[in-house]
Amino acid sequence: MLEIKNLKAQIEDKTILNGVNLKVNKGEVHAIMGPNGSGKSTLSSVIAGNEDYEVSSGSITYEGDDLLEMAPEERSHRGLFLSFQYPVEIPGLSVSNFIKTAINEKRKAFGQENINAKELLQLFKEKCELLNIDKEYLSRSLNEGFSGGEKKRNEIFQMAMMEPKLSILDETDSGLDIDALKIVANGVNSLKSSSNSIILITHYQRLLNYIVPDFVHILKDGKIVMSGDKSLAQKLEKEGYSFLN
Amino acid sequence: MKIEPKISEDILLDEVTSKEYEYGFTTNIESEKIEKGLNEDVIKFISKKKNEPDWMLDFRLEAFKVWKEMEEPDWANINYPKPDYQDIVYYCAPKQKKKLNSLDDLDPEMKRTFDRLGISIDEQKRLANVAVDIVMDSVSVATSFKEKLAELGIIFCPISEAIQKHPELVKKYIGTVIPVRDNFFSALNSAVFSDGSFCYIPKGTECPMELSTYFRINEAGTGQFERTLVIAEEGSYVSYLEGCTAPMRDENQLHAAVVELVALDSAEIKYSTVQNWYPGDKNGKGGVFNFVTKRGICHDNAKISWTQVETGSAVTWKYPSCVLKGKNSIGEFFSVAVTNNFQQADTGTKMIHLGENSKSTIIAKGICAGKSNGSYRGLVKIAKGAKNSRNFSQCDSLLMGDKCGSHTFPYIEVDNKSSQVEHEATTSKIGEDQIFYCNQRGIGTEEAVALIVNGYCKEVLNKLPMEFAVEAKKLLEISLEGSVG
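How each quantity is defined
- Residues numbered from 1 in each chain as written.
- Chains lettered and ligands numbered in written order.
- Predicted model: local features only at pLDDT ≥ 70, side-chain atom pairs only at ≥ 80, totals over all residues.
- Heavy atoms only, no water.
- Helix = DSSP H or I, 4+ residues; strand = E, 2+ residues; numbered from the N terminus.
- Rg over C-alpha atoms; globule rule 2.2 N^0.38 Å.
- Buried < 20%, exposed > 50% of the residue type's maximum accessible area, 1.4 Å probe, protein only.
- Contact = heavy atoms within 4.5 Å.
- Areas by Shrake-Rupley, 256 points an atom, 1.4 Å probe, with all protein chains shown as cover.
- Pairing = 2+ DSSP bridges.
- Axes fitted to C-alpha atoms, helices over the stretch in contact; angles between N-to-C directions.
- Buried area = accessible area lost by both parts, 1.4 Å probe.
- Salt bridge = Lys/Arg side-chain N within 4 Å of Asp/Glu carboxyl O.
- Domains from an automatic or database assignment.
- Patch = residues over 30% accessible without salt bridge, like charges linked within 9 Å, V, L, I, M, F, W, Y side chains within 5 Å.
- Lys, Arg positive; Asp, Glu negative; His and termini not counted.
- Charge placed at Lys NZ, Arg CZ, Asp CG, Glu CD.
- Core = buried A, V, L, I, M, F, W, Y, C linked by side-chain atoms within 4.5 Å.
- Polar contact = N/O pair within 3.5 Å; in protein donor to acceptor, adjacent residues only side chain to side chain.
- Phe/Tyr/Trp six-rings, centres within 6.5 Å; stacked < 30°, edge-to-face > 60°.
- Lys NZ or Arg CZ within 6 Å of the ring centre and 35° of its normal.
- pLDDT = per-residue confidence, 0-100.
- Parallel < 35°, antiparallel > 145°, perpendicular 65-115°, else oblique.
- Left-handed = near helix turned anticlockwise from the far one by under 90°.
- Nonpolar A, V, L, I, M, F, W, Y, C, P; charged D, E, K, R; others polar.

## Topic: the overall build of chain A
Logical step 1: Of the regular secondary structure elements, chain A holds seven helices and twelve strands.
Logical step 2: In terms of overall dimensions, chain A is globule-like: its C-alpha atoms have a radius of gyration of 18 Å, near the 18 Å expected for 245 residues.
Logical step 3: Dimensions along the principal axes, computed over C-alpha positions, put chain A at roughly 55 × 40 × 35 Å.
Logical step 4: Out of the 245 residues belonging to chain A, those deemed buried represent 52%.
Logical step 5: Taking the contacts inside chain A whose residues are at least 6 apart along the sequence as the reference set, 70% of them involve residues at least 24 apart.
Logical step 6: Of the roughly 11,100 Å² of accessible surface on chain A, 44% is carried by carbon and sulfur atoms.

Listed below in structure tokens is the structure:
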């Protein structure tokens with residue numbers, strides 16, 4: 001589904017990713033861990049197409065196509081979803097209107113009609129229940145005045161609504177209390193299938209107790225320095241990143 | 001001596017005008033107009049043409065006398081070449097074979113014009129609830145729903161007709177809210193006003209439909225001087241809509257309208273405007289000069305609400321205001337003002353509190369893009385006798401790019417101790433992070449800007465009647481196309 005080869009990226013003149021290699025197949029869950037400043041968020045930004053970062057070399061292939069050639073919205077239409085570490089606020093734009101627009105833009109890209117109101121309402125209802133969200137929240141302004149936890153839950157709600165093929169969850173666990181974490185993890189697990197994939201970016205092993213990864217990678221100084229199964233995360237939790245040295 | 005051949009600039013201009021402005025075209029209707037320039041004879045001609053009574057002519061002549069002594073104001077934060085007032089045609093009427101009774105009898109050419117503008121009259125009629133009094137250039141062409149309204153005693157007609165048929169009402173109220181000598185442009189308008197709308201709602205009557213007028217400037221180099229008078233008798237209610245588009249012109253067109261609203265005891269007037277006159281091209285050439293005086297007076301327990309979405313005009317000078325004369329009266333001003341390219345707008349409101357317990361709310365949203373300049377100018381004045389009055393003002397600006405300017409000029413004068421005035425102001429920019437967030441969800445940049453802008457303006461757009469809100473949203477999108485990314 002996704003193959004990253006020797007990816008190097010920089011912001012302004014600072015190199016942040018220094019030769020990342022990663023292969024994600026259909027149905028797999030990968031966790032990327034690493035100390036602060038190791039390049040985790042840069043990696044997710046580059047995959048999503050944030051133009052603040054410049055790719056200096058390497059390639060990313062998505063479903064056999066060159067991902068780096070696609071505009072951010074095209075990547076989204078093709079089923080790529082990023083749950084932002086810091087979701088932005090858009091005052092006056094309701095959550096429901098935002099999601100409806102996103103869904104319809106995707107449909108438009110594939111020459112489909114807009115989603116009909118009944119179908120949309122049914123979907124809203126279903127996904128609200130899944131993530132234990134009060135329907136009233138749909139009419140609130142996007143992320144405006146949301147608590148940290150609410151913002152993260154809103155990201156996963158959007159993920160549920162958009163039904164992506166590849167989801168990148170960038171520190172979705174930070175800012176969540178244990179109850180919210182369980183709800184979010186539960187939601188993510190129920191969206192998991194043999195045809196979609198997830199990349200979890202996290203500092204802590206805690207999330208991985210709830211969303212169990214098939215692979216764990218450790219990113220350090222812009223490179224994946226170690227890969228393993230979930231036991232690697234446990235080792236990291238016990239010993240800290242110092243064992244890498 | 002060498003004599004230069006005189007080339008008609010109009011013909012040249014017609015040739016070079018492009019199709020960039022969606023509504024930039026002129027209809028081929030033969031016009032009847034007089035020579036350029038302004039003097040007493042021209043005023044007498046206008047008055048005679050309209051078969052006006054002597055008192056109306058006297059009103060005009062007096063206004064002309066006053067105007068001649070006044071100077072064009074220059075305190076606003078706008079720069080424009082001052083129009084040559086002797087180079088303007090002050091009367092122009094579409095020629096018509098007969099007076100129309102219904103819109104169906106409309107000149108097919110004119111009908112096509114409206115269709116191109118997207119104003120489907122048939123559609124509007126079918127959708128009902130909107131009575132349309134169309135003003136094309138200076139003379140009202142047709143009036144609809146008049147009979148239905150007449151049953152309730154509501155008068156909704158061209159002001160020229162009201163002068164003939166209801167002189168006592170016009171005479172009683174015209175110039176009472178905006179005196180002739182109020183300002184340079186109101187004096188000019190009072191002298192030469194061409195036509196406009198008149199609306200009268202009898203005591204205790206709730207007008208069952210939104211009253212609507214579309215204005216257009218259609219004749220090259222023709223000044224447009226609309227005059228509107230709305231009178232809401234005790235305990236009545238009316239919602240009035242006004243929307244404008246103008247054809248493309250490469251020379252500046254002057255518009256100096258006067259709108260007077262009278263809300264008698266416990267009456268309510270809602271006045272909504274969507275303005276989309278030709279703003280000039282991308283290099284700042286051409287466009288409409290819009291110098292409008294709008295003011296309403298509220299008697300005891302009355303309420304006047306101004307809502308405006310301003311996207312057009314090269315230069316805008318406009319301050320819809322409320323004189324809160326009566327006790328417990330309420331004034332509201334909700335505004336979205338968009339400037340792009342080289343547009344300039346100095347707009348805002350005045351809330352004059354005279355009555356006890358009077359309240360006013362001001363929500364002004366400015367959006368500046370390109371190299372444009374937008375200013376909010378607002379006066380909140382609370383007189384000594386206006387005890388326990390309250391005002392809340394919120395002025396927000398949204399900037400797009402780094403070449404535009406946004407300014408706020410609040411004036412607050414409070415002459416008693418029991419009143420309360422609040423003023424909030426914010427300035428923000430559309431963030432790249434906001435746009436990227438939308439992009440990531442599959443929403444392209446243009447669409448993202450529209451979502452962000454519409455969200456920003458929501459409080460104001462929500463005040464518009466439904467069908468107008470939809471139109472206004474579209475207008476915002478069109479006005480800001482290409483301003484980001």
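## Let's talk about the sheet that holds strand β10 (residues 197-202) of chain A
All names here are of chain A.
Logical step 1: One open sheet accounts for six strands, arranged β6-β9-β10-β3-β11-β12; its pairing is mixed. The open sheet has two edge strands with one neighbour each: β6 (80-83) and β12 (223-228). Here the strands of the sheet are splayed against their neighbours by 20° on average, with no regard to which way each runs.
Logical step 2: Note that strand β11 (residues 215-220) and β12 share five bridges and pair antiparallel. Bridge pairing in β12 links V216 to G228.
Logical step 3: With respect to the sheet, helix α7 (residues 230-239) is in contact with β3 (29-33), β11 and β12, its orientation differing from that of β11 by roughly 45°.

## Quick look at the interface of chain B and chain A
Logical step 1: Contact with chain B, which involves 19 residues of that partner, is made by 30 residues of chain A.
Logical step 2: Both sides of the chain B and chain A interface together cover about 2,000 Å² of buried area, and 63% of this is carbon and sulfur.
Logical step 3: Looking at the side of chain B facing chain A, the largest losses of area belong to F436(B), Y437(B) and R441(B), adding up to 38% of the total buried there.
Logical step 4: Taken together, the connections running from chain B to chain A amount to one salt bridge.
Logical step 5: Between R441(B) and E155(A) there is a salt bridge whose closest N-O contact spans 2.7 Å.

## Looking at the pattern of salt bridges
Logical step 1: Applying the stated criterion across every chain, the model contains 30 salt bridges over all chains.
Logical step 2: Note that E63(A) and K165(A) form a salt bridge whose closest N and O atoms lie 2.9 Å from each other. Here E63(A) is found in the loop between β4 (53-62) and β5 (65-66), whereas its partner K165(A) is found in the loop between α5 (148-162) and β9 (166-170), with 102 residues between them in sequence.
Logical step 3: Residue classification places E63(A) among the partly exposed residues on the basis of a relative accessible area of 33%.
Logical step 4: A salt bridge links R377(B) to D346(B); the shortest N-O distance between them is 2.7 Å. Placement of the pair is R377(B) in strand β20 (residues 373-382) and D346(B) in strand β18 (residues 344-353), with a sequence separation of 31 residues. The pair R377(B) / D346(B) is uniform in exposure class, with both members buried.
Logical step 5: Connected via shared salt-bridge partners are E63(A), D65(A), R78(A) and K165(A).

## A few points about the domain arrangement of chain A
Logical step 1: By domain assignment, chain A separates into domain 1 (1-37 + 50-70 + 211-226 + 241-245) and domain 2 (81-164).
Logical step 2: Here the C-alpha centroids of domain 1 of chain A and domain 2 of chain A sit 27 Å apart.

## Topic: the sheet that holds strand β2 (residues 14-24) of chain A
All names here are of chain A.
Logical step 1: In space, the four strands of this open sheet follow the order β2-β1-β4-β5, with antiparallel pairing throughout. This sheet does not close on itself; its edge strands, each paired only once, are β2 and β5.
Logical step 2: Of the strand pairs in this sheet, strand β1 (residues 2-11) and β2 are connected by eight bridges, and their pairing is antiparallel. Bridge pairing in β2 links K8 to N18.

## What to know about the pairing of strand β6 (residues 197-201) of chain B
All names here are of chain B.
Logical step 1: When you tally the buried positions in β6, you get five out of five residues, the bulk of the element.
Logical step 2: Burial along β6 is two-sided: S197, C199 and I201 facing one way and F198 and Y200 facing the other are all buried.
Logical step 3: Relative to strand β8 (residues 227-232), β6 runs parallel, the two being bridged by four bridges. Opposite C199, over in β8, you have V230 as the bridge partner.

## Some words on a negative patch on the surface
Logical step 1: A contiguous patch of negative charge on the surface is contributed by E12(A), D13(A), E51(A), D52(A), E54(A), E432(B) and D433(B).
Logical step 2: Mapped onto the elements of the fold, E51(A) is located in the loop between α1 (40-48) and β4.

## A word on the nonpolar core
Logical step 1: If you look at the biggest cluster of nonpolar residues, it comprises 110 residues, and the most contacted ones within it are L2(A), F157(A) and I367(B).
Logical step 2: Broken down by element, the residue count for this core peaks at nine residues, all from helix α11 (residues 445-461) of chain B.
Logical step 3: Formed jointly, this core draws a minimum of three residues from each of two domains, domain 1 (1-37 + 50-70 + 211-226 + 241-245) and domain 2 (81-164) of chain A.
Logical step 4: Excluding residues that lie within four positions of it along the chain, L2(A) makes contacts with L22(A), K23(A), V24(A), I47(A), I60(A), T61(A), Y62(A), L67(A), L166(A) and I199(A).
Logical step 5: L61(B), Y173(B), A191(B) and L264(B) belong to the second largest nonpolar core, which has 61 residues in total.

## Digging into the side chain of S236(B)
Residues and elements named next belong to chain B.
Logical step 1: As for its placement among the helices and strands, S236 is situated in the loop between β8 and β9 (237-245).
Logical step 2: When its relative accessible area of 2% is taken as the criterion, S236 is described as buried.
Logical step 3: Within polar-contact distance, the side chain of S236 engages the backbone oxygen of E233 at 2.6 Å.

## Structural notes on the environment of Q86(B)
Logical step 1: Within the secondary structure, Q86(B) sits in the loop between α3 (54-69) and β2 (92-94).
Logical step 2: Sequence-wise, Q86(B) and S483(B) are 397 residues apart; in three dimensions their C-alpha atoms are separated by 38 Å.

## A short note on the side chain of E332(B)
All names here are of chain B.
Logical step 1: Positionally, E332 belongs in strand β17 (residues 330-339).
Logical step 2: E332 sits in the buried class, given a relative accessible area of 14%.
Logical step 3: Within polar-contact distance, the side chain of E332 engages the side chain of S305 at 2.7 Å.
Logical step 4: Setting aside its immediate chain neighbours within four residues, E332 contacts K303, I304, S305, W306, C322, M351 and T361.

## Some points on helix α9 (residues 184-192) of chain B
Residue and element names in this part refer to chain B.
Logical step 1: With nine of its nine residues buried, α9 lies for the most part within the structure.
Logical step 2: All of the buried residues in α9 are F184, F185, S186, A187, L188, N189, S190, A191 and V192.
Logical step 3: For α9, the N-terminal capping position is held by N183, with its side-chain oxygen 2.8 Å away from the main-chain nitrogen of F185.

## Overview of the packing of aromatic side chains
Residue and element names in this part refer to chain B.
Logical step 1: Summed over the entire model, instances satisfying the criterion amount to 24 aromatic pairs over all chains.
Logical step 2: Taken together, the ring pairs connect F64, W67, W75, Y80, Y85, F184, F185, F289, F291, W317 and Y319 into an aromatic cluster.
Logical step 3: Sitting above the plane of the F193 ring, R60 keeps its charged end 4.0 Å from the centroid.
Logical step 4: When the ring centre of Y456 is taken as origin, the NZ or CZ atom of K365, which lies over that ring, is 4.9 Å away.

## With respect to the confidence of the model for chain B
Residues and elements named next belong to chain B.
Logical step 1: For chain B, the mean per-residue pLDDT works out to 80, and 77% of the residues sit at or above 70.
Logical step 2: For residues 122-131, every residue scores under 50 in pLDDT, and the model assigns this stretch 27 contacts once sequence neighbours within four places are set aside.
Logical step 3: Counting interchain partners and residues more than four positions distant, the pLDDT-below-50 stretch residues 215-222 has 50 contacts.

## Comments concerning the packing of α5(A) against helix α6 (residues 178-191) of chain A
Residues and elements named next belong to chain A.
Logical step 1: Where α5 contacts α6, the axes come no closer than 10 Å and their chain directions differ by 15°. What the angle tells us is that α5 and α6 run roughly parallel. Regarding α5 and α6, the two cross each other, and that crossing is left-handed. In contact with R153, I156, M159 and A160 of α5, α6 contributes A180, I183, V184, V188 and L191.
Logical step 2: Counted by class, the contact of α5 with α6 contains eight nonpolar, no polar and one charged residues.

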